[in-house]
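Each chain, written out:
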Amino acid sequence: MGVSHFDKPKSDVKQPCLAKPIGLVEGPGGLGQGGMAATLQEDSRETESKYEEYGYNAQLSDRISLDRTIPDYRPKKCRQVTHAADLPQISVVFIFVNEALSVILRSVHSVVNRTPSRLLKEVILVDDNSDSVELKASLDQYVNRRYPGLVKIVRNNRREGLIRARLQGWKVATAPVVGFFDAHVEFGTGWAEPVLSRIQEDRRRIVLPAIDNIKYDTFELQQYASAAHGYNWGLWCMYIIPPQDWLDRGDEAAPIRTPAMIGCSFVVDREYFGDIGLLDPGMEVYGGENIELGMRVWQCGGSMEVLPCSRVAHIERTKKPYNNDIDYYAKRNALRAAEVWMDSFKSHVYMAWNIPMTNPGVDFGDVSERLALRQRLKCRSFKWYLENVYPEMRTYNDTLTYGEVRNSKASGYCLDQGAEDDDRAILYPCHGMSSQLVRYSTDGLLQLGPLGSTAFLPDSKCLVDEGRTRAPALKKCEDVARPAQRLWDFTQSGPIVSRDTGRCLEVEMSKDANFGLRLVVQRCSGQKWTIRNWIKHGRH
Ligand code: UDP
Ligand code: MN
């Protein structure tokens, strides 16, 4: 079993949105024209400190041309498409906090170089209260000299977080269409025309250029496979396989319906964005807004799509330079989205984060205005959205109770899925992260570990009494020889009893077990278990 589970409790800190798309296409890569070859070895210690600072190789960026071209990863067909002569103009918003100057400037150069000038109304830079001096006067001077009249700079005098920073950009935008981008992106040839066409056809479409990767260390390009943007029940975004009807159609250039967005790049009709409520200004720092917008636009009569003919490359960085606790903010913001848009499915979000629905220990603020917005826009239910837009989501409406499970004989210890590959449940000091999420269903299944959330990943495993040994097993629920082996009776502060053997799940003191505690199934001796959270309305 590789790295022992006992050395280090499993961390729930996930890298949001960094999961590679399924079926990732490794492109030929390359620095692009105008790039300067440099190896990591020749870089100095300064490089390391700049990695620390930005989560990418800023030192190398300083040496790469601001006007480099990147490979054209569009499906071939895209190059033949012609677009209307009267496309709407776009305002392009970049938001940033403490990014490397050369990286921001390359984003600006790139959008100017790759967008027909008649279509680019303006570039708006929103400085979300950066600390670094190079992003002040020298940035102003540079863009005013290089692109006089084209660039507006907005400076927040306190840190607003990426959600409200984008809204600051929207407020000063004047073109009929607005695009929002991270300030570490580069634009592919012809990226703008297909996006503007789709929005001209229907202003209720939120259009996402397809994302490719700029490697954070070498700044090489890496093509990503065609993907939609989904998420799990924690509302962390991830790339997902495009919908079946898109695959069946066999047209690589066709728009891909998507339930939500990764968030580093999206384009929307300026007024329509205002009409449907922008982004939730009550969200702080980072995360959740990208999923919330997806739910909202679909539930309220619009749509969201990825356009493979429009491509933007984005640096997936190794760390966030602005906050060490984005996990907390992602959770907080996720709860806002859940409370407003997810109806009774909001329980799934609480469950995924392994927190109670009442007194969750997270202050998500006031959502009354967002609920009023939902009323005003007469939006559809979350159930409709799941069925029509995100059918790949697994639902857990049969949940009776969930959370940490404790035994009175071993206070401070919780049932835990243990190492992912060894099919053995264990006891481990309670930490409340998802390896200690236990879900007990109305059928009698006891499942341990993070929710599978979507059909793209296996679901959490079932606790099983196979009868032969005293060790309870953890198995894929469908792999159990006799269905009854995975069924348990469990009431709060009572025993956990196998329906197949009548044996009980219990704790045994043992010198040679980890922490001196072993989990066994044996003849019932009267041990009692408690589980944290009961869902009162298990059914819809
Ligand atoms: N950002 C911001 N204010 C914040 C946090 C982030 O303006 O408080 C900007 C950041 O500079 C970047 C964008 O928001 O341009 C998205 O953040 P990041 O790239 O760190 O997220 P990721 O793409 O890694 O998910
Ligand atoms: Mn980013």
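Quick look at the structure, then. Within each chain, residues carry numbers counting from 1 in the order of the written sequence. Each chain is given a letter, starting from A, and each ligand a number, starting from 1, according to the order in which they appear as written. With the structure being a predicted model, the display of local features is reserved for residues of pLDDT at least 70 and the display and counting of side-chain atom pairs for 80 or more, all residues being used for whole-chain, interface and lining totals. Hydrogens and waters are ignored; side-chain quantities use all the structure's heavy atoms.

**As for the packing of aromatic side chains**
One pair of aromatic rings is described through two measures. These are the centre distance and the angle between the planes.
Thinking step 1. For Phe, Tyr and Trp, rings pair up if their centres lie within 6.5 Å, where Trp contributes its six-membered ring, and each pair is then called stacked (planes under 30 degrees apart), edge-to-face (over 60) or tilted (otherwise). On inspection of all chains with the given rule, the structure shows 20 aromatic pairs.
Thinking step 2. Aromatic pair tyrosine 56 and phenylalanine 219: ring centres 6.3 Å apart, planes at 85°, arrangement edge-to-face. Placement of the pair is tyrosine 56 in the loop between helix H1 (45-54) and helix H2 (58-61) and phenylalanine 219 in the loop between strand E6 (205-214) and strand E7 (221-222), with a sequence separation of 163 residues.
Thinking step 3. Each residue is assigned to one of three classes by its accessible area relative to the maximum for its type, calculated with a 1.4 Å probe on protein chains only: buried under 20%, partly exposed between the two thresholds, exposed over 50%. Given the relative accessible area of 1%, phenylalanine 219 is considered buried. Under the DSSP-based scheme used, a helix requires at least four consecutive residues in state H or I and a strand at least two consecutive residues in state E, with every element numbered from the N terminus.

**Digging into the site of ligand 1**
Thinking step 1. Looking at ligand 1, there are 17 residues lining it, with Glu99, Asp128, Tyr286, Lys320 and Tyr322 nearest.
Thinking step 2. In protein, a polar contact requires one atom able to donate a hydrogen and another able to accept it; more generally it is a pair of N or O atoms within 3.5 Å, and residues adjacent in sequence count only if both atoms are side-chain atoms. In the model, an oxygen atom of ligand 1 is placed 2.7 Å from a nitrogen or oxygen of the glutamate 99 side chain.
Thinking step 3. Within the side chain of tyrosine 286, one N or O atom sits 2.5 Å away from an oxygen atom of ligand 1.
Thinking step 4. In these tables, accessible area is a Shrake-Rupley quantity obtained with a 1.4 Å probe, and a residue counts as shielded only by the protein chains included in the view. Contact with the protein chains covers 96% of the free accessible surface of ligand 1, which is 520 Å².
Thinking step 5. Taken together, the elements giving at least two residues each to the shell around ligand 1 come down to strand E1 (90-96) and helix H5 (161-172).
Thinking step 6. Residues belonging to the shell around ligand 1 are distributed by class as follows: eight nonpolar, three polar and six charged. Only heavy atoms are used to decide nearness, and a residue is near a molecule or strand if one of them lies within 4 Å of it. By the convention adopted, Pro, Cys, Tyr, Trp, Phe, Met, Ile, Leu, Val and Ala count as nonpolar, Lys, Arg, Asp and Glu as charged, and the other residues, Gly among them, as polar.

**Side note on the state of the cysteines**
Thinking step 1. Count a disulfide wherever a pair of cysteine sulfur atoms falls within 2.5 Å. Under the definition given, this model contains five disulfides.
Thinking step 2. A sulfur-sulfur distance of 2.0 Å marks the disulfide that ties cysteine 300 to cysteine 379. Given an S-S torsion of about 100°, the disulfide between cysteine 300 and cysteine 379 has right-handed geometry. Here the residue cysteine 300 occupies a position in the loop between helix H9 (289-299) and strand E12 (303-315), and cysteine 379 occupies one in the loop between helix H12 (368-377) and helix H13 (382-389), the gap between them amounting to 79 residues.
Thinking step 3. Its relative accessible area of 15% is what places cysteine 300 among the buried residues.
Thinking step 4. The disulfide partner of cysteine 462 is cysteine 477, and the S-S distance across this bridge is 2.1 Å. Taking the sign of the S-S torsion, about 95° here, the bridge from cysteine 462 to cysteine 477 comes out right-handed. Here cysteine 462 is found in strand E18 (residues 461-464), whereas its partner cysteine 477 is found in the loop between strand E19 (473-475) and strand E20 (488-490), with 15 residues between them in sequence. Of the two residues examined, cysteine 462 and cysteine 477, each falls in the buried class.

**Structural notes on unusual backbone geometry**
Thinking step 1. Although it is not a glycine, aspartate 343 adopts a positive phi angle of roughly 50°.
Thinking step 2. With respect to the helices, strands and loops of the structure, aspartate 343 is situated in the loop between helix H10 (326-341) and helix H11 (346-352).
Thinking step 3. Even without being a glycine, phenylalanine 515 presents a positive backbone phi close to 60°.
Thinking step 4. Locating phenylalanine 515 in the fold gives a position in the loop between strand E22 (504-509) and strand E23 (517-522).

**Regarding the pattern of salt bridges**
Thinking step 1. Throughout this description, the term salt bridge denotes a Lys or Arg side-chain nitrogen within 4 Å of a carboxyl oxygen of Asp or Glu. Within the structure shown, the criterion is met by 45 salt bridges.
Thinking step 2. Linking arginine 198 and glutamate 201 is a salt bridge whose minimum nitrogen-to-oxygen distance equals 3.6 Å. Separated by three residues within a single helix, arginine 198 and glutamate 201 lie in helix H6 (residues 192-201), roughly one turn from each other.
Thinking step 3. Taking relative accessible area as the criterion, glutamate 201 reaches 55% and is therefore assigned exposed.
Thinking step 4. What emerges from the salt-bridge pattern is a single network uniting Asp280, Glu292, Arg296, Arg336 and Arg370.

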